[in-house]
Amino acid sequence: MYTQLEQRSMAVPPVNVASLMKMKNDGEAIACITAYDASFALAVDQAGIDMVLVGDSLGMVIQGHDTTVPVTVEDVIYHTRNVSRGLQRAFLVADMPFMSYSDPNQALENAVRLMQEGGAMMVKLEGGEDQIAIVKHLARHDIAVCAHLGLKPQSVHKLGGFKVQGRDPKEANKILNNAKALQDAGADIVLLECVPNELGKSIKENLDVPVIGIGAGPFVDGQILVLYDILDITQGSTPKFVRNFMLDQTSPINAIKSYVRAVKNKDYPAPEHCFS
Ligand code: KIV
């Protein structure tokens, strides 16, 4: 039978949507990170990262913009293609940039480009109730989708900054309901950014699909951070949820391994990385 294993290493089965779901159901924390080039892709793959995101954070950490808003589909395709060449095992997700999914047909066209030209296995979009029709349309075409909720960096100018979301009970309830609705529309993963621990916990408990957090507390199914943050490359102030994994490590690969261990052992995030 034709299987994915025959195209990649037989010794190291690639991670896919089903194995991510199994990790959730087995209580194994999913270790995720961003990457933007082939060398770091190779390193994160060798360190045992389960899922790699080519995030539109590349606009900030690679291109030097203040926000993710200027990033284009071409930018994400370019970086996804480079990352895909370095991966053997990890599952590859590509971000849909600002205004690349403003209606279902545009979303489908750009998601197909990220997959066919970039090699992405899943696309991520920042969602709320307005994205339900888009997620349904992508799912109907068998495109794997990650829905990003909580702090949505593409809305930074409307939000008035990178702020914790869902502290107000009404707003928390809205995020929870949106997460359920996006799952029901076909999202395979929900990513939660900058929300209080309790909201992360309640979303994880109410969803069947894996919930990956960044600043969403310890109770979700997995963690993701921006690679340059854990390697202490980011200049200036770093968000509260970031831990510098280069401390006590002699090389970037050892720092990434230390991050994977900390996520799997549930030593990260610690209380000082969390919001209440
Ligand atoms: O763009 C990105 O890197 C992201 C992560 C912060 C999750 O969306």
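Residues numbered from 1 in each chain as written. Predicted model: local features only at pLDDT ≥ 70, side-chain atom pairs only at ≥ 80, totals over all residues. Heavy atoms only, no water.

Student: Explain the overall build of the protein to me, please; I cannot follow it from the model alone.
Tutor: In terms of regular secondary structure, the protein is built from 11 helices and 8 strands. Taken over C-alpha atoms, the radius of gyration comes to 17 Å for the protein, in line with the 19 Å a tight globule of 276 residues would show. Summarising its shape, the C-alpha atoms of the protein cover approximately 45 × 45 × 40 Å along the three principal directions. Across the protein, the fraction of contacts at a sequence separation of at least 24, relative to all contacts at a separation of at least 6, is 64%. For the protein, the computed accessible surface area is about 12,100 Å², with 51% contributed by carbon and sulfur atoms. Between the mean site of the 25 positive side-chain charges and the mean site of the 32 negative ones, the protein shows a separation of 3 Å. (Helix = DSSP H or I, 4+ residues; strand = E, 2+ residues; numbered from the N terminus. Rg over C-alpha atoms; globule rule 2.2 N^0.38 Å. Contact = heavy atoms within 4.5 Å. Areas by Shrake-Rupley, 256 points an atom, 1.4 Å probe, with all protein chains shown as cover. Lys, Arg positive; Asp, Glu negative; His and termini not counted. Charge placed at Lys NZ, Arg CZ, Asp CG, Glu CD.)

Student: Mind showing me how you'd approach unusual backbone geometry here?
Tutor: Glycine aside, residues mostly have negative phi angles, and peptide bonds mostly take the trans form. For the bond running from Tyr268 to Pro269, omega is 0°, close enough to zero to count as cis. Here Pro269 is to be found in the segment after helix 11 (252-264). Non-glycine residue Asp142 carries a positive phi angle of around 60°. Within the secondary structure, Asp142 sits in the loop between helix 6 (132-140) and strand 5 (145-150).

Student: What is the right way to read the site of the ligand from this model?
Tutor: Surrounding the ligand, one finds Thr34, Leu53, Gly55, Asp56, Ser57, Asp95, Lys124, His148, Leu191, Glu193 and Ile214. Contacts to the ligand include Asp56, whose side-chain N or O atom sits 3.0 Å from an oxygen atom. One nitrogen or oxygen atom from the side chain of Lys124 is found 2.9 Å from an oxygen atom belonging to the ligand. For the ligand, whose free accessible area comes to 260 Å², the fraction covered by protein is 95%. Residue composition of the shell around the ligand, grouped by class: 3 nonpolar, 4 polar and 4 charged. (Near = heavy atom within 4 Å. Polar contact = N/O pair within 3.5 Å; in protein donor to acceptor, adjacent residues only side chain to side chain. Nonpolar A, V, L, I, M, F, W, Y, C, P; charged D, E, K, R; others polar.)

Student: Looking at this structure, I do not really get the nonpolar core. What am I missing?
Tutor: One finds Leu138 and Leu192 to be the most contacted residues of the largest nonpolar core, which totals 92 residues. Apart from residues no more than four positions distant in its own chain, Leu192 is found in contact with Leu149, Ile175, Gly200, Ile203, Val211, Ile212, Gly213, Ile214, Ala216 and Val220. (Core = buried A, V, L, I, M, F, W, Y, C linked by side-chain atoms within 4.5 Å. Buried < 20%, exposed > 50% of the residue type's maximum accessible area, 1.4 Å probe, protein only.)

Student: I'm lost on helix 8 (residues 169-185) in this one. Help?
Tutor: The α-helix winds at 3.6 residues per turn, so residues separated by three or four positions along the chain end up facing the same way. A rise of 1.5 Å per residue sets the reference length of helix 8, with its 17 residues, at 24 Å; its end C-alpha atoms lie 24 Å apart and thus fit the reference within 8%. Of the residues making up helix 8, those classed as buried are Ala172, Ile175, Leu176, Asn178, Ala179, Leu182, Gln183 and Ala185. One or two positions beyond helix 8, positive phi appears at Gly186, with a value near 125°. (Expected span 1.5 Å × (residues − 1).)

Student: Explain helix 9 (residues 197-206) to me, please; I cannot follow it from the model alone.
Tutor: Among all positions in helix 9, only Asn197, Leu199, Gly200 and Ile203 are buried. Along the axis of helix 9, the buried positions cluster into a sector of 165°, meaning they face one direction only. Helix 9 presents Glu198 and Glu205 as exposed residues on the side facing more than 90 degrees away from its buried surface. At its buried positions, helix 9 is contacted by helix 8, strand 6 (189-193) and strand 7 (211-214). (Arc of directions from axis to C-beta.)

Student: Help me understand the sheet that holds strand 7 in this model?
Tutor: By way of backbone hydrogen bonds, the strands of a sheet pair with one another, either parallel or antiparallel. Taken in spatial order, the 8 strands line up as 1-2-3-4-5-6-7-8 and close into a barrel, and their pairing is parallel. Averaged over all neighbouring strand pairs, the angle between strand axes comes to 25°, with direction disregarded. Bridging between strand 1 (residues 30-34) and strand 2 (residues 51-54) involves 3 bridges; their strand directions are parallel. Counterpart to Ile33 in the pairing with strand 2 is Val52. Its contacts with the sheet place helix 11 against strand 1 and strand 8 (222-225), and it is angled at close to 145° to strand 1. (Pairing = 2+ DSSP bridges. Axes fitted to C-alpha atoms, helices over the stretch in contact; angles between N-to-C directions.)

Student: Looking at this model, I keep getting lost on the side chain of Glu126. Mind explaining?
Tutor: Along the chain, Glu126 turns up in strand 4 (residues 122-126). Within the buried core, Glu126 has no salt-bridge partner, and the shortest N-O distance to an opposite charge, that of Lys124, equals 4.9 Å. The contact partners of Glu126, leaving out residues within four places of it in the chain, are Asp56, Tyr101, Gln131, His148, Lys152, Pro153, Gln154 and Ser155. (Salt bridge = Lys/Arg side-chain N within 4 Å of Asp/Glu carboxyl O.)

Student: I'm lost on the environment of Leu92 in this one. Help?
Tutor: Along the polypeptide, Leu92 turns up in strand 3 (residues 91-95). Counting along the chain gives 31 residues from Leu92 to Val123, while the straight-line C-alpha distance between them is 8.8 Å. Those residues in contact with Leu92 that sit more than four places away from it in its chain are Val52, Val54, Thr80, Val83, Ser84, Leu87, Gly119, Ala120, Met121 and Met122.

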